[in-house]
Every structure is written in C-alpha cells, then in structure tokens.
Amino acid sequence: MSTATPTGPSDFIRDIVAADRASGKHGGRVVTRFPPEPNGHLHIGHAKSICLNFGIALENPGGICHLRFDDTNPTTEDPAYVRAIQDDVRWLGFDWQGKLFYASDYFERLYAFAVTLIKKGKAYVDSLTADQMRDYRGTLTEPGKDSPYRSRSVEDNLDLFRRMKAGEFPDGAHVLRAKIDMASPNINLRDPVLYRIRHAAHYRTGTAWSLYPSYDFAHPLSDAIEGITHSICTLEFQDHRPLYDWVVAETEHEHRPQQIEFARLNLTAAVMSKRKLLELVDRKLVAGWDDPRLPTIRGLRRRGYTPEAIRTFCEHIGVAKRDAVVEMQMLEHFVREDLNKRSPRVMAVLKPLKVVIDNYPEGTVEDLEAVNNPEDASAGTRTVPFSRVLYIEQDDFREDPPKQFFRLAPGREVRLRYAYIVKCVGVVKDPQTGAVTELHCTYDPETKSGAAQEQRKVKATIHWVSARHAADAEVRLYNPLFLTDLSKVPADHDWTLYLNPQSLERLTGCKVEPGLRQAAPGTRVQFERQGYFCVDPDSSAGTPVFNRTVSLKDAWARIEKTQQAR
RNA sequence: UGGGGGAUCGUCUAGCGGUAGGACGCCAGCCUUUGGAGCUGGCUACCUAGGUUCGAUUCCUAGUCCCCCAGCCA
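Residues numbered from 1 in each chain as written. Chains lettered and ligands numbered in written order. Predicted model: local features only at pLDDT ≥ 70, side-chain atom pairs only at ≥ 80, totals over all residues. Heavy atoms only, no water.

Novice: Please explain the pattern of salt bridges as it appears in this structure.
Specialist: Where charged atoms of side chains with opposite charge meet at close range, the side chains can pair. All told, the structure shown has 47 salt bridges when counted by the stated rule. Between Arg 529 and Asp 396 there is a salt bridge, and its shortest N-O distance comes to 2.3 Å. Taken together, the residues span a long stretch of sequence, with Arg 529 in the loop between strand 23 (524-527) and strand 24 (531-535) and Asp 396 in the loop between strand 15 (389-393) and strand 16 (413-416) at a distance of 133 residues. Among the ionic contacts, a cluster of salt bridges with common partners joins Asp 290, Arg 302, Glu 474, Arg 476, Arg 506, Asp 536 and Asp 538. (Salt bridge = Lys/Arg side-chain N within 4 Å of Asp/Glu carboxyl O. Helix = DSSP H or I, 4+ residues; strand = E, 2+ residues; numbered from the N terminus.)

Novice: Whenever I open this one, the packing of aromatic side chains confuses me. Can you help?
Specialist: Think of a pair of aromatic rings as described by two things: how far the centres are apart, and how the planes are tilted against each other in angle. As enumerated under the stated definition, the model contains 19 aromatic pairs in all. Relative to Phe 533, the ring of Phe 527 has its centre 4.1 Å away and its plane inclined at 20 degrees; by these criteria the two rings are stacked. Per residue, the accessibility class of Phe 527 equals that of Phe 533, and both read buried. Through a chain of ring-to-ring contacts, the aromatic side chains of Phe 107, Tyr 111, Phe 161, Tyr 195, Trp 209, Tyr 212 and Phe 217 assemble into a single cluster. Sitting above the plane of the Tyr 111 ring, Lys 165 keeps its charged end 4.6 Å from the centroid. (Phe/Tyr/Trp six-rings, centres within 6.5 Å; stacked < 30°, edge-to-face > 60°. Buried < 20%, exposed > 50% of the residue type's maximum accessible area, 1.4 Å probe, protein only. Lys NZ or Arg CZ within 6 Å of the ring centre and 35° of its normal.)

Novice: Looking at this model, I keep getting lost on the sheet that holds strand 23. Mind explaining?
Specialist: The pairing of strands in a sheet happens through backbone hydrogen bonds and is either parallel or antiparallel. Spatial ordering of the open sheet is given by 10-23-24-25-21-22-11, a layout of seven strands whose pairing is mixed. On the outer flanks of this sheet lie strand 10 (345-346) and strand 11 (348-349), each paired with one strand and no other. The pairing of strand 10 with strand 23 spans two bridges and is parallel. Looking at strand 23, one finds that Arg 345 is bridged to Gln 526. Contacting strand 10, strand 23, strand 24 and strand 25 (545-551), helix 12 (residues 328-342) runs over the sheet at an angle of about 115 degrees to strand 25. (Pairing = 2+ DSSP bridges. Contact = heavy atoms within 4.5 Å. Axes fitted to C-alpha atoms, helices over the stretch in contact; angles between N-to-C directions.)

Novice: Before we go on, may I ask you to explain the layout of surface pockets in this structure?
Specialist: Left-over empty space is what a probe sized like a water molecule reveals as it rolls over the atoms. Counted as a void, the second largest pocket has a volume near 1,200 Å³. As for the second largest pocket, its lining consists of 42 residues, of which His 43, His 46, Thr 234, Glu 236 and Arg 264 are closest to the centre. Only strand 1 (31-34), helix 2 (44-59), strand 6 (193-197), helix 7 (215-226), strand 8 (230-234) and helix 9 (274-282) provide two or more residues apiece to the lining of the second largest pocket. (1 Å grid on protein atoms, 1.4 Å probe; cavity = no way out; pocket = protein on both sides within 12 Å on 5 of 7 lines; lining within 4 Å. Points joined across faces, edges and corners; volume = space filled by probe spheres on them.)

Novice: I'm lost on unusual backbone geometry in this one. Help?
Specialist: Outside of glycine, negative phi angles account for most residues, and trans bonds account for most peptide bonds. A positive phi angle, near 70 degrees, is found at Gln 404, a position not held by glycine. Structurally, the position occupied by Gln 404 is in the loop between strand 15 and strand 16. Relative accessible area serves as the criterion here: at 42%, Gln 404 is assigned to the partly exposed category. For Tyr 418, which is not glycine, the phi dihedral falls at a positive 65 degrees. Examined against the element boundaries, Tyr 418 turns out to sit in the loop between strand 16 and strand 17 (421-429). Classification of Tyr 418 by relative accessible area gives buried; the value is 11%.

Novice: Just to check I follow, could you spell out the packing of helix 11 (residues 307-317) against helix 12 for this structure?
Specialist: The description of two packed helices rests on the angle between their axes and on the distance between the axes. Running from N to C, helix 11 and helix 12 point in directions that differ by 135 degrees, and their axes come no closer than 9 Å. By the angle class used here, helix 11 and helix 12 are oblique. Between helix 11 and helix 12 lies a crossing of right-handed hand. Contacts from Glu 308, Ala 309, Thr 312, Phe 313, His 316 and Ile 317 in helix 11 reach Met 330, Leu 331, Phe 334, Val 335, Glu 337, Asp 338 and Arg 342 in helix 12. Each residue belonging to the contact of helix 11 with helix 12 can be placed in one class, and the counts come to seven nonpolar, two polar and four charged. (Parallel < 35°, antiparallel > 145°, perpendicular 65-115°, else oblique. Left-handed = near helix turned anticlockwise from the far one by under 90°. Nonpolar A, V, L, I, M, F, W, Y, C, P; charged D, E, K, R; others polar.)

Novice: Got a minute to help me understand the sheet that holds strand 3 (residues 100-102) in this structure?
Specialist: Spatial strand order, 1-2-3: three strands in an open sheet with parallel pairing. Of all strands in the sheet, those bounded by a partner on one side alone are strand 1 and strand 3. Within this sheet the neighbouring strands show an average axis-to-axis angle of 35 degrees, counted without direction. Judged from the three bridges that link them, strand 2 (residues 64-69) and strand 3 form a sheet pairing that is parallel. Each bridged residue has a counterpart across the sheet, and for Leu 67 the counterpart in strand 3 is Leu 100. Seen against the sheet, helix 2 touches strand 1 and strand 2 and runs at an angle of roughly 160 degrees to strand 1. Docked against the sheet, helix 3 (residues 79-91) engages strand 1, strand 2 and strand 3, running at close to 160 degrees with respect to strand 2.

Here it is as structure tokens:
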C-alpha cells in the first residue's frame with residue numbers, strides 16, 4: 001500500500017522554514033506576514049507574495065500569517081487602500097485569522113526604542129539638510145564622512161528628539177540617524193535615517209505625531225514585536241538585511257526574525273510598477289484601478305480571473321532568487337484550465353451576419369437541447385430556441401474560402417451547433433460596398449442534432465443565435481495595454497506614448513442567447529469557440545456587458561497566420 | 001573601479017558528485033457536433049576557461065554577463 005504523499009509547493013524558502021522547524025528554531029513556530037503599504041492597490045506581483053506567506057503558514061501546523069499595514073508614510077497612504085487590500089486578500093482566498101496589524105499601532109513603542117538607542121549612543125539627531133546629507137554619504141566607491149552633529153551628547157540628542165516629537169521644528173530640520181559606520185561599503189549602514197519630521201496627518205493617528213519612523217526602523221521592529229519568524233521580502237532588500245539585524249539586536253529583542261529575500265514577479269506585457277499604475281489611473285489613461293487591462297487584483301477580478309487560477313499560477317511560477325520574467329501565456333493557461341472546468345457554455349455572436357434558412361417554416365420555433373458543460377455532466381442542459389432567421393459569426397463565412405478553411409462558404413455545408421446541417425445557397429451583398437450582408441441557406445431536416453439516425457459528418461460546427469430571440473449585448477475584448485515591453489523603454493522616454501490604442505475593443509450589437517439577458521455581474525461563461533467571458537458591472541437592465549477574460553486557443557488563427565507568412 | 005545578489009530548454013523552475021526532470025510554449029498525430037477540451041509522441045538547456053575527481057550542472061580557481069544599492073520612499 002502506497003500512500004500518496006501530498007507534495008505541495010517546494011522552494012528554497014520552504015526548505016529553510018522546514019529546516020528551522022526541524023531544528024526547533026523559533027520554538028518550532030512559523031509566523032509570516034504580508035506587509036503592504038496602503039498607498040496603492042495590490043497586483044499579481046503581490047499575489048505571489050501573498051500565496052507564499054499565507055501558503056507557508058497554511059502548510060505548517062500552527063502556522064499563521066499576519067496582515068500588517070506598513071503605514072509609516074502619512075503623505076501617501078489612504079484608508080481606502082486599507083479596505084481594498086483586505087478585500088483583495090480575502091478574495092484571493094486567504095485568512096489572517098484576526099491577526100490584522102498596523103505599523104502605526106506601534107508608533108509609541110517605536111519611539112521608545114529610538115530613545116533607548118539614543119541613550120545607548122547608537123542614534124543621534126542630525127541637522128544636516130537633505131542635500132548635505134547626500135554629500136556626506138559618499139558614493140558607491142568612496143566612503144562617507146561623519147556629520148558634524150554625529151558627536152552630539154546623549155542629553156542634547158534626547159532633548160532634540162523630544163522636541164522633534166513635540167512638533168517644535170519644521171519638516172526637514174532634523175532627522176534621527178542610527179550611528180553605525182559612515183565608511184561602510186554597504187551604503188545602508190552609513191548612518192541610515194530612523195525618523196524624519198513630517199507635519200502631516202496620518203490616516204490612523206491623525207496629528208498625534210509630527211515625526212514618523214522610516215521603513216528600516218519600523219519594519220524589523222514590527223516583525224520583532226509580532227514574533228514573526230520568517231520575514232519574507234523581495235531581493236532589493238538584501239542589502240538592508242544587516243541593518244534589519246542591527247535594529248533588532250540593538251533594541252535588544254530576544255526574538256530575532258529572519259529576513260529572507262526572493263525575486264519579485266515580472267510578467268510580460270504587464271505594468272507592475274506602482275508608480276506607473278497610479279499614473280495610468282490618475283491621468284485616466286485607464287478606467288480605474290479595476291480596469292480589466294491592468295494586472296491589479298481588482299482588474300483581474302473584473303476581467304473574470306478566478307482566485308483559484310491566480311493561486312495555481314503562483315504555485316507554478318515557483319520561488320527563487322534569480323530575476324525572471326514569466327510569460328503571460330502561463331497566466332492565461334491557468335485561467336483557461338480553471339474556467340474550462342467550471343464555465344457553462346453558451347452561444348454568442350460577436351460580429352453578427354444574418355442567415356435565412358430558406359426551407360425552414362416561417363413562424364416555427366424549436367427548443368433545442370444544449371449541453372451546459374461537456375466537462376461537467378452535473379451542469380446539465382438547457383434549451384435554446386431555433387428559428388428561420390439566425391445570426392452567425394462573420395468570421396465563420398468566407399466567400400472565397402482559403403485552404404483549410406472548413407467553415408461556411410457558397411455551396412458548402414456546416415453544422416449549426418445543437419441544430420442542423422445547413423448549406424449556403426445564396427449570398428446577399430451591399431450593392432455599394434460589396435460587403436456580405438446576408439446569407440441564404442437550406443437545412444437538412446434529417447440532420448437534427450442528436451437524432452439516432454444522424455451519421456453525417458461535416459468538417460465544421462459553428463455557433464449561432466436565433467435573431468428573434470437573441471439578447472443584445474456589448475462585448476469588450478482586451479489586448480495588451482502596451483505596444484512594447486516597458487522595461488525596454490528608456491527612462492527618459494514618455495512611456496505613456498507606448499500605450500496600445502487597440503487595447504480595448506468594444507463591440508456593440510452583439511447577439512447572445514436569450515438566457516443571458518439578465519445575467520448578473522460577475523457571472524462567468526464560455527462563449528463557445530471564442531473564449532471565457534465575465535459579466536461586467538457596467539451591464540444595464542436587459543443588455544449585459546461582457547469582458548473577455550481570455551480567448552480559447554484558436555487553431556484556425558494559427559493556420560491562417562502561417563499561411564499568410566508564406 | 002565599493003558592497004550585495006544571480007546565471008540550467010524560447011519562458012518559468014527542479015537537481016546539492018553518478019552524466020539533466022516538470023510546467024508553459026512550440027511542432028506532429030489521434031480524437032472531437034466547440035479548429036475548445038482531452039490523449040500520444042517530439043523539440044530545445046547546464047555562461048566561459050582551467051582544475052579536483054573514476055566521474056561535475058553540482059566542489060575549487062580565474063573570468064564574463066545580468067540585477068540591486070548613493071530617498072528625510074517602501
């Protein structure tokens with residue numbers, strides 16, 4: 001008897017956690033944290049971190065992951081982001097089990113730790129201007145030099161720091177610095193700023209404080225206070241680790257969290273920079289943070305992505321330390337995989353072409369049985385009305401069909417899904433433009449779908465909608481937001497110039513099965529042969545709006561492409 | 001030219017001294033009342049040069065290339 005050993009995700013961080021648990025480090029506890037700053041919305045890159053931190057907590061008995069808002073910069077943060085972030089984390093399927101924290105809750109204790117450092121002679125008030133401080137810091141290759149204020153007495157430092165807190169000085173007049181080593185080859189150790197004066201109202205603490213701790217001070221201490229065992233962050237903080245450890249050690253915390261860094265997620269054809277995302281939204285270059293073209297959690301959600309698909313994706317991209325750019329196809333693959341299993345199929349015509357079945361009796365309507373999901377028998381069946389006048393997809397007809405085009409053409413036959421085999425017997429064109437405006441077909445009554453005697457094979461089956469019964473709909477197709485990989489755009493170029501004017505294609509006058517007329521926002525369906533779609537909140541009574549989450553794989557498109565390449 | 005990281009199929013990622021595995025992608029075929037899904041087969045990789053070793057992607061040495069750091073952002 002072989003019991004299947006459930007092999008969850010594995011990576012170097014989980015290896016470290018497992019080893020620590022085995023050795024009894026941290027008393028065998030596993031406490032992680034996801035520490036967003038509430039100055040923007042979460043995106044797919046954060047999802048990677050969320051899946052990692054909450055995932056590790058879930059995988060280890062007694063493990064827990066805290067949600068902590070790293071809110072130490074009052075000028076950029078907003079409570080609306082706090083709410084949205086919680087909502088997004090929950091939507092992704094994770095639970096912080098009541099362990100919701102704010103760095104701002106620790107301001108009082110952080111201040112006390114700073115005083116301790118001053119008393120130990122490990123921190124001092126500096127009164128250099130920002131420019132001067134930069135000069136004193138040295139360069140990458142040259143050591144910095146001590147600030148003239150570095151040798152202030154403990155008493156003076158204590159007094160000045162107290163008065164900074166009391167709001168006696170304007171912004172920028174003084175800062176509190178760690179006294180480490182101005183000649184350190186690691187620039188982060190050249191007396192980093194611990195506190196800066198900011199006469200700004202904080203969204204949670206109001207005007208109680210006129211000085212705020214920096215990340216380098218607040219973060220390690222927040223971790224230590226909360227008993228975090230594994231503080232997982234991205235690569236750019238590697239250089240800060242010695243400082244992180246210094247802060248925890250010098251404030252004499254018995255508990256020492258361990259910082260571990262991994263490579264952040266990069267995705268082809270996706271803007272992941274918080275700054276750029278904000279700018280796109282602020283300048284109204286997109287519809288908002290939940291614009292379906294954005295890789296934000298809210299954008300993906302509105303687009304129709306499922307949390308399961310995002311989590312599966314995060315599991316499959318792995319966790320490592322090398323810089324990497326994951327192809328968007330990978331994300332798309334996992335949504336398709338998930339949606340294929342769960343989406344009800346439905347017929348929808350995006351670009352309608354009228355078809356009259358000449359030999360079908362006028363006024364007759366047949367209710368045909370259609371399978372809701374061939375991947376899931378329990379999804380059952382539904383009924384779709386068939387009548388003499390239909391709409392089919394313009395792309396499913398070619399007057400002059402190229403090689404390997406199996407769909408409708410003059411004299412050719414196709415099956416109408418769940419209905420009959422029809423033959424194209426006439427083409428009506430606009431006398432002015434020559435465009436095909438209507439098709440005439442005949443149907444073979446012997447070929448009704450599912451009929452026992454029905455054996456005939458045709459090369460293609462196409463979808464359709466009965467003209468009389470169809471509901472009108474708007475369909476939004478999405479293409480890459482940018483024409484080029486933004487990482488290749490020079491910093492001095494206006495990156496917004498590379499926006500793809502075709503990133504959103506709005507199709508109106510689309511025809512969908514009548515059953516979709518009142519579909520609720522958030523409803524996900526597969527439009528047969530086309531893709532997965534999700535009902536948008538913009539839908540109005542009677543006319544739903546659909547977002548294309550992702551197209552189905554299109555073998556014909558590929559054939560056509562290689563044909564054209566020849 | 002300082003410090004910190006990193007280099008394995010086209011793209012992610014495993015491998016921890018016994019000669020490279022998985023996923024995405026791509027190609028071919030089967031199947032199919034979605035040119036979907038599914039199934040089968042195939043494709044391509046250890047940055048370079050030395051060394052240690054019976055044997056190196058794994059260890060050593062020397063290079064090369066890439067990323068991050070000079071915010072009172074995080």
